[in-house]
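Now for the letters of each chain:
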Amino acid sequence: MLFLLLLQDIEDQKDRDRLTEFYLNYSALLKNKALDILGRCGWAGRGDLAEDLVQDAMVRLIKRMETIKKLSQPQLVAYGVKTVQSCALDYCRREAVRSRTAFAAEVLEEAPEDPVWREYSDDGEEQLFLRLGQVLAALPQRDRDILIYKYFLEYDDKRIAALLGVKADSVRMALTRARQRVKAFWSLKTVGKEGS
């Protein structure tokens, strides 16, 4: 367990003890949170994967020890849950990127009439996906998230709204704007990082 090895690198015994106690008392809660998110992403029942994500979360907590020191116990629990949630969502995003074919067809559904699309799609499927990866990387984080939730994870608008903290009515407009940004970036010869 990488977490236990890194725990030994914490110089202050009090900090080491606090994180050890946190892990012993709350690892089941963290694992349940990871299982919940994995289940929503299509990996239900993957206890081994959930445990790995808990370990990843604990490693992140160790790396943020200066922040951890300032937190009360209830704040630490909330912070730990958010950290494992972030690890699980990151995993889901990475896996979703691997199954990118459905995304290209749906997000750029009107693009075949666009001459810019033809210019790049003539290069073959591999070039098409490399280009799509550049475009996605250039988008703001919120746009990437909403597109992944909709097209890779196939979440409905209500679930997307809950994840983004917006009203369900706002999701359609946010998707429209995200698709418009994809098309705008697609038309550029080179795509740079816009920033999140």
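Residues numbered from 1 in each chain as written. Predicted model: local features only at pLDDT ≥ 70, side-chain atom pairs only at ≥ 80, totals over all residues. Heavy atoms only, no water.

### Considerations on the state of the cysteines
What counts, and what does not: The term disulfide is used for any two cysteine sulfur atoms that are within 2.5 Å. Working definition: helices are DSSP H or I runs of at least four residues, strands are E runs of at least two. Numbering for both runs from the N terminus. Each residue is assigned to one of three classes by its accessible area relative to the maximum for its type, calculated with a 1.4 Å probe on protein chains only: buried under 20%, partly exposed between the two thresholds, exposed over 50%.
Applying the stated criterion across every chain, the model contains one disulfide. The disulfide partner of Cys41 is Cys92, and the gap between their sulfur atoms is 2.2 Å. Judged by the sign of its S-S torsion, about 110 degrees, the cystine formed by Cys41 and Cys92 is right-handed. Here Cys92 lies in helix H5 (residues 73-98) and Cys41 lies in the loop between helix H2 (13-40) and helix H3 (47-63), a separation of 51 residues in the sequence. By the burial criterion, Cys41 is buried, and Cys92 matches it.

### Points about helix H11 (residues 168-186)
Threshold: A helix is expected to reach a length of 1.5 Å times the quantity of its residues less one. Arc, as used here, means the arc of the directions from the helix axis to the C-beta atoms.
Here H11 is 19 residues long and its end C-alpha atoms lie 28 Å apart, about the 27 Å a rise of 1.5 Å per residue gives. Residues of H11 that are buried include every one of Val171, Ala174, Leu175, Ala178, Arg179, Val182, Phe185 and Trp186, and no others. Along the long axis of H11, the arc covered by the buried residues comes to 140 degrees, so they all point the same way.

### Some words on the side chain of Asp157
Put simply, the rule reads: Only heavy atoms enter the contact rule, under which two residues are in contact if any of them lie within 4.5 Å.
Along the polypeptide, Asp157 turns up in helix H10 (residues 157-164). The class for Asp157 is buried, based on a relative accessible area of 19%. Those residues in contact with Asp157 that sit more than four places away from it in its chain are Lys150, Ala168, Val171, Arg172 and Leu175.

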